[in-house]
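Okay, here's what each chain looks like letter by letter:
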Amino acid sequence: KDERTFMPKVQGDYRHSLSPEKAVEKTKYAVLTLLESFEATDIEIVNDKPYAISFNCHSRGFSIKGTAEINADSVSVVVELPMVAIAFKGLIKAAIDRRIPEDLQ
């Protein structure tokens, strides 16, 4: 079985009025600054598809992965946490809800 199906997820959908290319650029920046705010190391952000990015890093001993899909008027972000990091789910959701919309302006 794929162990990721059991990983806690933090999800959010955020509106934007940017061109798809600009939305990708700003989403990459938002994800980078978000991960840096959690003192992440080994940050990797990759454009998997034209309008999607994936990212992974290590933060405070945890391995974190996620994706962001850029749609015509919204960005959908999913962050996968290891089970031992479930206590931080609310903190991470609040940070995403604050950072992503701010950077999509």
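Notes on the structure in this doc start here. Quantities reported herein were computed from a predicted structural model and do not represent experimental measurements.

What to know about the sheet that holds strand S5 (residues 74-80)
The strand order across the open sheet built from five strands is S1-S5-S4-S3-S2, with neighbouring strands paired in antiparallel fashion. Only two strands of the sheet have a single partner each, and these edge strands are strand S1 (9-15) and strand S2 (41-49). Neighbour-to-neighbour, the strand axes of this sheet turn through a mean angle of 15°, independent of strand direction. As judged from the six bridges shared by strand S4 (residues 62-70) and S5, these two strands associate in the antiparallel manner. Each residue of the ladder has a partner; that of glycine 66, found in S5, is valine 79. Along the sheet, helix H1 (residues 20-37) contacts S2, strand S3 (52-59), S4 and S5; its crossing angle with S2, the most-contacted strand, is approximately 160°.

So, the pairing of S2
Across six bridges, the pairing between S2 and S3 is antiparallel. Following the sheet pairing, valine 46 is matched in S3 by serine 54. Hairpin geometry of S2 and S3 is characterised by an intervening segment of two residues between the two adjacent antiparallel strands.

Let's talk about empty space enclosed by the protein
Rolled over the atoms, a probe with the dimensions of a water molecule shows which regions are left empty. All told, the structure shown has one cavity of 30 Å³ or more when counted by the stated rule. Looking at the largest cavity, its volume works out to about 210 Å³. The wall of the largest cavity is formed by 17 residues, among which Phe38, Ser59, Ile64, Leu81 and Ile92 lie closest to the centre. Going through the elements one at a time, H1, S3, S4 and helix H2 (89-103) are the ones with two or more residues in the lining of the largest cavity.

Some words on the environment of glycine 12
With respect to the helices and strands, glycine 12 occurs in strand S1. Through-space distance from the C-alpha of glycine 12 to that of lysine 93 is 7.9 Å; in sequence the pair is 81 residues apart. When near neighbours in sequence (up to four residues on either side) are disregarded, glycine 12 contacts Val75, Ser76, Val77 and Lys93.

Focus on the nonpolar core
Ranked by size, the top nonpolar core spans 28 residues in total, and within it Val77, Val79, Leu81, Ile96 and Ile100 carry the most contacts. Those elements giving two or more residues to this core turn out to be S1, H1, S3, S4, S5 and H2. Per-element tally for this core: the top contributor is H1, with six residues. Discounting residues that sit within four places of it in the chain, valine 77 has contacts with Val10, Gln11, Gly12, Tyr14, Thr67, Ala68 and Ile100.

So, how was this worked out
- Residues numbered from 1 in each chain as written.
- Predicted model: local features only at pLDDT ≥ 70, side-chain atom pairs only at ≥ 80, totals over all residues.
- Heavy atoms only, no water.
- Pairing = 2+ DSSP bridges.
- Helix = DSSP H or I, 4+ residues; strand = E, 2+ residues; numbered from the N terminus.
- Axes fitted to C-alpha atoms, helices over the stretch in contact; angles between N-to-C directions.
- Contact = heavy atoms within 4.5 Å.
- 1 Å grid on protein atoms, 1.4 Å probe; cavity = no way out; pocket = protein on both sides within 12 Å on 5 of 7 lines; lining within 4 Å.
- Points joined across faces, edges and corners; volume = space filled by probe spheres on them.
- Core = buried A, V, L, I, M, F, W, Y, C linked by side-chain atoms within 4.5 Å.
- Buried < 20%, exposed > 50% of the residue type's maximum accessible area, 1.4 Å probe, protein only.

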